[in-house]
Amino acid sequence: MPEYTIRLDGLEVTMGLGVHPEERAGPQRVVLSVAMACRYATAPQDRIEDVVNYDFLRERILALAASRHFELQEVLCDEVAALALADPRVYQVRVSSTKLDIYPDARIGCEIVRLRD
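Residues numbered from 1 in each chain as written. Predicted model: local features only at pLDDT ≥ 70, side-chain atom pairs only at ≥ 80, totals over all residues. Heavy atoms only, no water.

Our next topic: the packing of aromatic side chains. All chains considered together, the criterion is met by 1 aromatic pair. With a centroid separation of 5.4 Å and an interplanar angle of 35°, the aromatic rings of Y4 and Y40 are classed as tilted. Here Y4 is found in strand β1 (residues 3-15), whereas its partner Y40 is found in the loop between β2 (28-39) and α2 (54-67), with 36 residues between them in sequence. With a relative accessible area of 35%, Y4 lands in the partly exposed category. Classification of Y40 by relative accessible area gives buried; the value is 2%. The aromatic ring of Y91 is capped on one face by R39, whose charged end is 3.7 Å from the ring centroid. Sitting above the plane of the F70 ring, R68 keeps its charged end 3.9 Å from the centroid. (Phe/Tyr/Trp six-rings, centres within 6.5 Å; stacked < 30°, edge-to-face > 60°. Helix = DSSP H or I, 4+ residues; strand = E, 2+ residues; numbered from the N terminus. Buried < 20%, exposed > 50% of the residue type's maximum accessible area, 1.4 Å probe, protein only. Lys NZ or Arg CZ within 6 Å of the ring centre and 35° of its normal.)

In structure tokens:
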């Protein structure tokens, strides 16, 4: 079975994320990146329907980010991973989130890897 990694890198969203009062006061910039390891029954024939289309993931991440305030990056990453794993051709996903504006001299992030059961 052919295997490919489909990447959605550097998606910047403005969303509610964090436990500290200043994070709860308003939305902040967060960058999300996703790598989906995919297996296809046959090699793609240059048609979008032959592969995992990253458009679905981008749209669902944007909707998720707008849907609520997340306390923890870990939970955000887990929910993004579940979105990616909804496509049965995705057997592994790596998700990272990065808060851009918490510290003036550093970025704060989380990265997870999830496998299909």
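There is more to say, and it comes next.
A word on the sheet that holds β1. A sheet is described by the order of its strands in space; here 4 strands give the open sequence β1-β2-β3-β4, paired in antiparallel fashion. Each edge of the open sheet carries a strand with a single partner, namely β1 and β4 (108-115). In this sheet, adjacent strand axes meet at a mean angle of 10° when their direction is disregarded. Strand direction decides the pairing type here: β2 and strand β3 (residues 90-99), joined by 9 bridges, are antiparallel. Counterpart to V30 in the pairing with β3 is K99. In the packing of α2 onto the sheet, the strands contacted are β1 and β2, and the crossing angle to β1 comes to about 25°. (Pairing = 2+ DSSP bridges. Axes fitted to C-alpha atoms, helices over the stretch in contact; angles between N-to-C directions. Contact = heavy atoms within 4.5 Å.)

As a further point, take the side chain of E23. Turning to its location among the elements, E23 is positioned in helix α1 (residues 21-24). Among the residues examined, E23 registers a relative accessible area of 4% and is labelled buried. Polar contacts involving the side chain of E23 include one to the side chain of K99, which spans 2.5 Å. Not counting residues up to four positions away in its chain, the partners in contact with E23 are L17, G18, Q28, H69, K99 and I102. (Polar contact = N/O pair within 3.5 Å; in protein donor to acceptor, adjacent residues only side chain to side chain.)

All right, on to the nonpolar core then. Grouped together as the largest cluster of nonpolar side chains are 31 residues, with contacts concentrated most on V34, M36 and L76. Of all the secondary structure elements, the ones that give two or more residues to this core are β1, β2, α2, α3 (73-85), β3 and β4. Per-element accounting of this core gives the leading share, 6 residues, to α3. (Core = buried A, V, L, I, M, F, W, Y, C linked by side-chain atoms within 4.5 Å.)

When the charged atoms of two side chains lie near each other, side chains of opposite charge can form a pair. Enumeration according to the criterion identifies 12 salt bridges in this entry. The salt bridge partner of D87 is R89, with a shortest N-O separation of 2.9 Å. Salt-bridge contacts for E111 lead to R94; the nearest nitrogen and oxygen are separated by 3.0 Å. Separated by 17 residues along the polypeptide, E111 in strand β4 and R94 in strand β3 bring together distant segments of the chain. A residue is classified by how much of its surface remains accessible, and R94, at 37% relative accessible area, is partly exposed. Overlapping salt bridges bring together E12, R29 and D101 as one network. (Salt bridge = Lys/Arg side-chain N within 4 Å of Asp/Glu carboxyl O.)

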